[in-house]
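Coordinate inspection notes
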Amino acid sequence: EIARQRLPEVHFEVNGPRPPLDHADESFDLVLVNSVFSHLAEPNFQSWIAELTRLLKTGGVLVFSSWGQGLLDMAQGVFESGKRDFPWQRNILNGFDSYEDLAARFASGGFVFAPTGGGKYLPGDDFGLAMVSRSYFEQHVRGLVLRDFLDDPKQFSQSLFFTQKVAGPPGA
């Protein structure tokens, strides 16, 4: 409601936890997804990437963020201190066996997920701490080309993926 009040000329919608969205194929030139994929389990990530690719026009751009080096940096400090003052610290300590395990899993190029949950509306099977590596994206996402990538916590706390929809059949 705050966004609607401050930007009355913009249309806002709240979507459900799973696709599809109520928009026609190739409806958008640009889709921005900030700090959503940093919390979704792999099946949900794949479902939403496919849905957003469907919604993009050929040549359209999807920009999204996910945890990367920023989470590794935070996790190292949390594991070293053992502090549990804040929910995010508890999620790191409860979600991963060790900093070394987390770093190794991310370095391997796999999808990293810790099912921490997020209250009654966000069950742990679907919601937690997620890390999408550049390697994972390049090996497992179809229909989008990675045009640029930023994983520098000094510039932005999460990794940024700048992608573009390419011509071709769905899933290509």
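Quick summary incoming for the structure in this document. (Residues numbered from 1 in each chain as written. Predicted model: local features only at pLDDT ≥ 70, side-chain atom pairs only at ≥ 80, totals over all residues. Heavy atoms only, no water.)

Time to look at helix α2 (residues 42-55). An ideal rise of 1.5 Å per residue puts 20 Å on 14 residues; α2 measures up with 20 Å between its terminal C-alpha atoms. Buried residues in α2 make contact with β1 (28-33), β2 (56-66), α6 (134-140), β5 (144-150) and β6 (159-165). (Helix = DSSP H or I, 4+ residues; strand = E, 2+ residues; numbered from the N terminus. Expected span 1.5 Å × (residues − 1). Contact = heavy atoms within 4.5 Å.)

Once that is clear, we can look at the nonpolar core. Counting residues in each nonpolar core, the largest one holds 25 residues, and the members touching the most others are F37, F45, I49, L52, L62 and F64. At the level of secondary structure, the elements contributing two or more residues to this core comprise β1, α2, β2, α6 and β5. Ranked by residues supplied to this core, first place goes to α2 with five residues. Leave out the neighbours within four places in its chain, and F37 touches F45, W48, I49, L52, F64, S65, S66, A130 and V132. One finds I92, L102, L129 and M131 within the second-largest nonpolar core, a separate group that totals 16 residues. (Core = buried A, V, L, I, M, F, W, Y, C linked by side-chain atoms within 4.5 Å. Buried < 20%, exposed > 50% of the residue type's maximum accessible area, 1.4 Å probe, protein only.)

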